[in-house]
Amino acid sequence: MKRLFLLLPVALLLTAPQAQSGKGRLGFVNVPQLVAAMPGGANYTALRKKADTDLGQQQKNLQTLLVKVNGSPTAANKAAVTKAQQTFANAQKNYQTQIAAAFKPLATKLNSAIAKTAKANGYSVVLDRQVAATTRLVVYANSSTDLTAAVMKEIKK
């Protein structure tokens, strides 16, 4: 694993001149916006929102129980924390399974539309704008690299 982290900067340095040669273009799309516009996307979005709300509430309750255990480490309090942790883990696993199942058919259509649009417009790499910004993979991108509207047209065909 350490080797991977050591080789990654070298790989980036070796590919940087190629990326600047003008032969390939980098584009971005707003995946949540595209998913929301797709048939079935509203169900997926609602499920994600429900999962976030439910898991957030469970996590908040778990934090409250942990504070209580730190103040009064009784067997009953420890058992309540253990039970809450198990409930949270099970709910998280359940939601992950449901979300993956709901996203699978959307992902197939979305990925196809993105690939078709990218090829038609000369883009060799397309990233999710939100993920790229959140992970700081991309610090700045010109708005002309946004393919969301073009992909939206392809999805609605």
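Quantities reported herein were computed from a predicted structural model and do not represent experimental measurements. (Residues numbered from 1 in each chain as written. Predicted model: local features only at pLDDT ≥ 70, side-chain atom pairs only at ≥ 80, totals over all residues. Heavy atoms only, no water.)

Peer 1: Is there a simple way to think about the packing of helix 4 (residues 75-120) against helix 6 (residues 148-155) in this case?
Peer 2: Helix packing for two helices is described by the angle between their axes and how far apart those axes are. In contact at an axis separation of 9 Å, helix 4 and helix 6 are set at 120° when each is read in the N-to-C sense. As far as their axial angle goes, helix 6 and helix 4 are oblique. At the point where helix 4 passes helix 6, the crossing takes the right-handed sense. Facing Lys109, Leu110, Ala113, Ile114, Lys116 and Thr117 of helix 4, the residues of helix 6 in contact are Ala150, Val151, Glu154 and Ile155. (Axes fitted to C-alpha atoms, helices over the stretch in contact; angles between N-to-C directions. Helix = DSSP H or I, 4+ residues; strand = E, 2+ residues; numbered from the N terminus. Parallel < 35°, antiparallel > 145°, perpendicular 65-115°, else oblique. Left-handed = near helix turned anticlockwise from the far one by under 90°. Contact = heavy atoms within 4.5 Å.)

Peer 1: Even after reading the chapter, I still don't get the packing of helix 3 (residues 41-71) against helix 4, so can you show me in this structure?
Peer 2: Relative to each other, helix 3 and helix 4 sit at 165°, their axes nearing to 10 Å. By the angle between their directions, the pair helix 3 and helix 4 is classed as roughly antiparallel. Seen along the crossing, helix 3 lies across helix 4 with a hand that is left-handed. Of the residues contributing to the contact of helix 3 with helix 4, the split by class is 18 nonpolar, 8 polar and 5 charged. (Nonpolar A, V, L, I, M, F, W, Y, C, P; charged D, E, K, R; others polar.)

Peer 1: Looking at this model, I keep getting lost on the layout of surface pockets. Mind explaining?
Peer 2: Here the idea is plain: a probe the size of a water molecule rolls over the atoms and shows the empty space left. By volume, the second largest pocket is sized at about 260 Å³. Every residue lining the second largest pocket is listed: Val31, Pro32, Val35, Tyr44, Thr45, Arg48, Asp52, Phe103, Asp128 and Gln130. For the lining of the second largest pocket, the elements supplying multiple residues, two or more each, are helix 2 (31-37) and helix 3. Here the lining of the second largest pocket gets 4 residues from one element, more than from any other, and that element is helix 3. Considering only residue class, the lining of the second largest pocket consists of 5 nonpolar, 2 polar and 3 charged. (1 Å grid on protein atoms, 1.4 Å probe; cavity = no way out; pocket = protein on both sides within 12 Å on 5 of 7 lines; lining within 4 Å. Points joined across faces, edges and corners; volume = space filled by probe spheres on them.)

Peer 1: Looking at this structure, I do not really get the packing of aromatic side chains. What am I missing?
Peer 2: Any pair of aromatic rings gets described here by the distance separating the centres and the angle formed by the planes. Per the stated rule, a full pass over the model turns up 1 aromatic pair. On the basis of an interplanar angle of 40° and a centroid distance of 5.1 Å, the ring pair of Tyr44 and Phe103 is categorised as tilted. Of this pair, Tyr44 sits in helix 3 while Phe103 sits in helix 4, and the two are 59 residues apart along the sequence. When its relative accessible area of 11% is taken as the criterion, Tyr44 is described as buried. When its relative accessible area of 25% is taken as the criterion, Phe103 is described as partly exposed. Arg25 extends its terminal NZ or CZ atom over the ring of Tyr123, reaching a point 4.1 Å from the ring centre. (Phe/Tyr/Trp six-rings, centres within 6.5 Å; stacked < 30°, edge-to-face > 60°. Buried < 20%, exposed > 50% of the residue type's maximum accessible area, 1.4 Å probe, protein only. Lys NZ or Arg CZ within 6 Å of the ring centre and 35° of its normal.)

Peer 1: Mind showing me how you'd approach helix 3 here?
Peer 2: The α-helix advances 3.6 residues per turn, and as a result positions three or four apart in sequence lie on the same side. Look at helix 3: 45 Å from first C-alpha to last across 31 residues, which is about the 45 Å you get at 1.5 Å a residue. Lining the buried residues of helix 3 we find helix 2 and helix 4. (Expected span 1.5 Å × (residues − 1).)

Peer 1: Looking at this structure, how should I read the environment of Gln58?
Peer 2: Within the secondary structure, Gln58 sits in helix 3. Residue classification places Gln58 among the buried positions, given a relative accessible area of 18%. Look past the residues within four positions of Gln58 in its chain and what remains in contact with it is Thr87, Phe88 and Ala91.

Peer 1: Just to check I follow, could you spell out the nonpolar core for this structure?
Peer 2: Grouped burial of nonpolar side chains is what soluble globular proteins tend to show. Counting residues in hydrophobic clusters, the biggest one holds 23 residues, and the most contacted among them are Val29, Leu34, Leu110, Val151 and Ile155. Residue contributions to this core peak at 9 residues, all from helix 4. Every residue in contact with Val29, bar those within four places of it in the chain, is listed here: Leu34, Ile114, Val126, Leu127, Asp128, Arg129, Asp146, Leu147, Thr148 and Val151. (Core = buried A, V, L, I, M, F, W, Y, C linked by side-chain atoms within 4.5 Å.)

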